[in-house]
Amino acid sequence: QVHLVESGGGLVQAGGSLRLSCVASGSIFRINAMGWYRQAPGKQRELVADISQTGRTNYADSVKGRFTISSDNANYTVYLQMNSLKPEDTAVYHCNAVAPPLRYWGQGTQVTVSS
């Protein structure tokens with residue numbers, strides 16, 4: 001099993017920045033990708049960004065150019081640098097790890113962007 005712990009959420013003004021961190025522990029050798037999803041009340045869960053063990057990244061169109069995902073592969077830690085935050089970025093952000101055949105999720109961290 002894999003355990004994920006997120007940190008870095010908070011309240012910021014529009015245009016501000018936050019950096020989220022997620023540390024994986026447990027059966028980390030099974031992980032082949034890590035990333036971030038977000039979900040706002042009443043909305044579907046959305047993939048924000050993910051990164052493979054080789055460093056290949058994928059971003060939602062809505063965050064391209066503003067967010068950057070990176071990882072420390074040796075420590076199975078993934079980061080999400082969020083710049084130029086907008087009110088529509090407000091959501092609970094969940095770290096995830098893909099360890100086939102399972103997906104693991106962190107507890108979530110709240111990001112609130114005020115206008």
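Look a little higher up for the structure.
Not measured: the values here are computed from a predicted model.

Peer 1: When you look at the pattern of salt bridges in this model, what are you seeing that I'm missing?
Peer 2: When charged atoms on two side chains of opposite charge get close, those side chains can pair. Going through the model one piece at a time under the given rule, you end up with 4 salt bridges. Lys-64 is the salt-bridge partner of Asp-61, the closest N and O atoms lying 3.1 Å from each other. The network of salt bridges with common partners includes Arg-38, Glu-46, Arg-66 and Asp-89.

Peer 1: Help me understand the packing of aromatic side chains, please; the structure alone is not making it clear to me.
Peer 2: Any aromatic ring pair is given by two values, namely how distant the centres are and how the planes are angled relative to each other. Applying the stated criterion to the full structure yields 1 aromatic pair. Taking 5.1 Å as the distance between ring centres and 70 degrees as the angle between the ring planes, the aromatic pair formed by Tyr-37 and Trp-105 counts as edge-to-face. On the criterion of sequence distance, the pair formed by Tyr-37 in strand 4 (residues 33–39) and Trp-105 in strand 10 (residues 102–105) is long-range, its members being 68 residues apart. Judged by its relative accessible area of 16%, Tyr-37 is buried.

Peer 1: When you look at the state of the cysteines in this model, what are you seeing that I'm missing?
Peer 2: By definition, a disulfide is the covalent link that joins the sulfur atoms of two cysteine residues. Evaluated as defined, the whole model comprises 1 disulfide. The disulfide bridge from Cys-22 ends at Cys-95, spanning 2.0 Å between sulfur atoms. Measuring the twist about the S-S bond at about -85 degrees, one finds the Cys-22-Cys-95 disulfide to be left-handed. Taken together, the positions of Cys-22 in strand 3 (residues 18–26) and Cys-95 in strand 9 (residues 91–99) put the pair 73 residues apart, joining distant regions of the chain. Each member of the pair Cys-22 and Cys-95 is classed as buried.

Rules used throughout
Residues numbered from 1 in each chain as written. Predicted model: local features only at pLDDT ≥ 70, side-chain atom pairs only at ≥ 80, totals over all residues. Heavy atoms only, no water. Salt bridge = Lys/Arg side-chain N within 4 Å of Asp/Glu carboxyl O. Phe/Tyr/Trp six-rings, centres within 6.5 Å; stacked < 30°, edge-to-face > 60°. Helix = DSSP H or I, 4+ residues; strand = E, 2+ residues; numbered from the N terminus. Buried < 20%, exposed > 50% of the residue type's maximum accessible area, 1.4 Å probe, protein only. Disulfide = S-S within 2.5 Å.

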